[in-house]
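This is what each chain is made of:
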Amino acid sequence: MSNKLDLSIVIPVCDEGENVEELYDELHRVLSRLGKKYEIIFVDDGSIDDTFKKLQAIKDSTVKLMRFQRNYGKAAALSCGFRKSKGNIVITMDGDLQDDPKEIPRFLEKLEEYDVVSGWKSKRQDPVSKTIPSKFFNALTRFITGVKIHDFNCGFKGYRNYVVKNIKLYGEFHRYIPALAHWKGYTVGEIEVEHHPRVHGVSKYGVERLFKGFLDLITVTFLNIYKKRPLHIFGGIGFLLIFSAIVISLHQVSLWIKGIRIGDRPLLMLSILLMVIGVQFISIGLIGELITNSRNNDDYIIKYDSYELENDR
Ligand code: UDP
Ligand code: MG
């Protein structure tokens, strides 16, 4: 499927009324020099200030505007922008002037080599309450996902269009797009980007982001490994519990044969408990298999298809 434009810039905005006009001016300056066909997609994620009014006042047909009924979060806003995007390359950036549009040509250059290019705010202009926890978070995410980039949280990223069309986002999963892409077999690169302090407006995230981010990290990793085979994890745990129950009960039986009373022993209770929980785990795994099987399972990605080529001719 061919896209109509060269480049889509996707910008989620929530209460960025003091930033959007200047951001548009800077973007226009950079993009108009590239000699490419582009669009700038602003997704207003339920702003309660004048963000939408300011965006609507921009008279430029390259600017596309979406507005959510309420605040759904950055991942939803990005997902909406991805779905609409018509450019062969899609670049996402924050709408608070912390990301500098002049980096866009460098993203385009790197995207000739990679499917996904993540920005790295190597000199991050944010308070230490953000930068230090973020270092831990990134190290942990690198370790768990196996994606060797420095800055998962950077909003400035570039993609070839087919990547964004093949990725499902919800919750706060936007941080893990490089990992999701990597697991789907796409190549992920990185460039250092300049980062400015936030001058107008306030950050929408606090420290609770790290906690939520950690839970999301468990979810994405779990889904990646076991989505297609839930019985392997639940069944595995279930069989382990049942095995322990059997070992304990055999021990109890041997005592009983020797004539020792076992009816009031805690170990007997434990083995019964382990057996019941084990059966429950296996049942959960089987229900998981039923759910996965009842869905459309074709989530492989085709890189080359001679049928499509024939149809295009
Ligand atoms: N944002 C959004 N919806 C939200 C929270 C944030 O669209 O629920 C946008 C926000 O307007 C900004 C970008 O996401 O354009 C990054 O947010 P912020 O600057 O608050 O994050 P930080 O830079 O502090 O990590
Ligand atoms: Mg910011």
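Residues numbered from 1 in each chain as written. Chains lettered and ligands numbered in written order. Predicted model: local features only at pLDDT ≥ 70, side-chain atom pairs only at ≥ 80, totals over all residues. Heavy atoms only, no water.

Residue-level account of the packing of helix α5 (residues 128-145) against helix α8 (residues 208-226), with values.
Closest axis-to-axis distance for the α5/α8 pair is 11 Å, and the angle between their directions is 5°. What the angle tells us is that α5 and α8 run roughly parallel. Where α5 approaches α8, its residues Lys130, Pro133, Phe137, Leu140, Thr141, Ile144 and Thr145 are matched on the opposing element by Arg209, Leu210, Gly213, Phe214, Leu217 and Thr221. For the contact of α5 with α8, the per-class residue count stands at seven nonpolar, four polar and two charged. (Axes fitted to C-alpha atoms, helices over the stretch in contact; angles between N-to-C directions. Helix = DSSP H or I, 4+ residues; strand = E, 2+ residues; numbered from the N terminus. Parallel < 35°, antiparallel > 145°, perpendicular 65-115°, else oblique. Contact = heavy atoms within 4.5 Å. Nonpolar A, V, L, I, M, F, W, Y, C, P; charged D, E, K, R; others polar.)

Account for the coordination of the magnesium ion (ligand 2), naming residues and giving values.
All of the protein donors around the magnesium ion (ligand 2) are Asp96 (OD) and Gln98 (OE1); their distances to the metal are 1.9 to 2.0 Å. Given the relative accessible area of 5%, Asp96 is considered buried. Assessed through its relative accessible area of 7%, Gln98 is described here as buried. (Donors = N, O, S within 2.8 Å, 3.2 Å for Na, K, Ca; no water. Buried < 20%, exposed > 50% of the residue type's maximum accessible area, 1.4 Å probe, protein only.)

Tell me about the pattern of salt bridges, residues and numbers included.
According to the stated counting rule, one finds twelve salt bridges in the structure shown. Where Glu16 meets Lys204, a salt bridge forms, and the shortest distance between an N and an O atom there is 3.2 Å. Residue Glu16 is located in the loop between β1 (5-13) and α1 (20-32), and its partner Lys204 is located in the loop between β7 (188-192) and α8; the two are separated by 188 residues in the primary sequence. Looking at Glu16, the relative accessible area reads 5%, which means it is buried. One salt-bridge network, held together by shared partners, links Glu16, Asp96, Arg198 and Lys204. (Salt bridge = Lys/Arg side-chain N within 4 Å of Asp/Glu carboxyl O.)

Give me the packing of aromatic side chains: which residues, what numbers.
For the coordinates displayed, the defined rule picks out eight aromatic pairs. With centroids separated by 6.2 Å and ring planes inclined at 50°, the aromatic side chains of Phe137 and Tyr176 adopt a geometry described as tilted. Pair noted here: Phe137 is in helix α5 and Tyr176 is in the loop between α6 (161-165) and α7 (177-183), with a separation of 39 residues, a long-range link. Considering the side-chain rings of Tyr162 and Tyr186, the 5.7 Å spacing of their centres and the 40° angle between planes classify their relative orientation as tilted. Here Tyr162, found in helix α6, pairs with Tyr186, found in the loop between α7 and β7; they are 24 residues apart in sequence, far enough to count as distant. The structure contains a cluster of three or more aromatic residues connected by ring pairs, namely Phe222, Tyr226, Phe234 and Phe281. For the cation-ring pair, Arg67 lies above Phe52, with the distance from its terminal atom to the ring centre recorded as 4.1 Å. (Phe/Tyr/Trp six-rings, centres within 6.5 Å; stacked < 30°, edge-to-face > 60°. Lys NZ or Arg CZ within 6 Å of the ring centre and 35° of its normal.)

So, the site of ligand 1: which residues are in play, and what are the values?
Of all residues adjacent to ligand 1, which total 18 residues, the nearest are Asp45, Asp96, Lys130, Ser203 and Lys204. The separation between an oxygen atom of ligand 1 and a polar side-chain atom of Asn71 is 3.1 Å. Burial of ligand 1 by the protein chains amounts to 94% of its free accessible area of 530 Å². Split by residue class, the shell around ligand 1 holds four nonpolar, five polar and nine charged. (Near = heavy atom within 4 Å. Polar contact = N/O pair within 3.5 Å; in protein donor to acceptor, adjacent residues only side chain to side chain. Areas by Shrake-Rupley, 256 points an atom, 1.4 Å probe, with all protein chains shown as cover.)

Please set out the sheet that holds strand β3 (residues 63-67) residue by residue, giving values where relevant.
Pairing in this open sheet of seven strands is mixed, and the strands run β3-β2-β1-β4-β6-β5-β7 from one edge to the other. On the outer flanks of this sheet lie β3 and β7, each paired with one strand and no other. The sheet shows a mean angle of 20° between the axes of neighbouring strands, direction not considered. Where β1 meets strand β4 (residues 87-92), five bridges bridge the pair, whose relative direction is parallel. Following the sheet pairing, Leu7 is matched in β4 by Ile89. The strands that α1 touches are β1, β2 (38-44) and β3; relative to β2, the one it contacts most, it runs at about 165°. (Pairing = 2+ DSSP bridges.)

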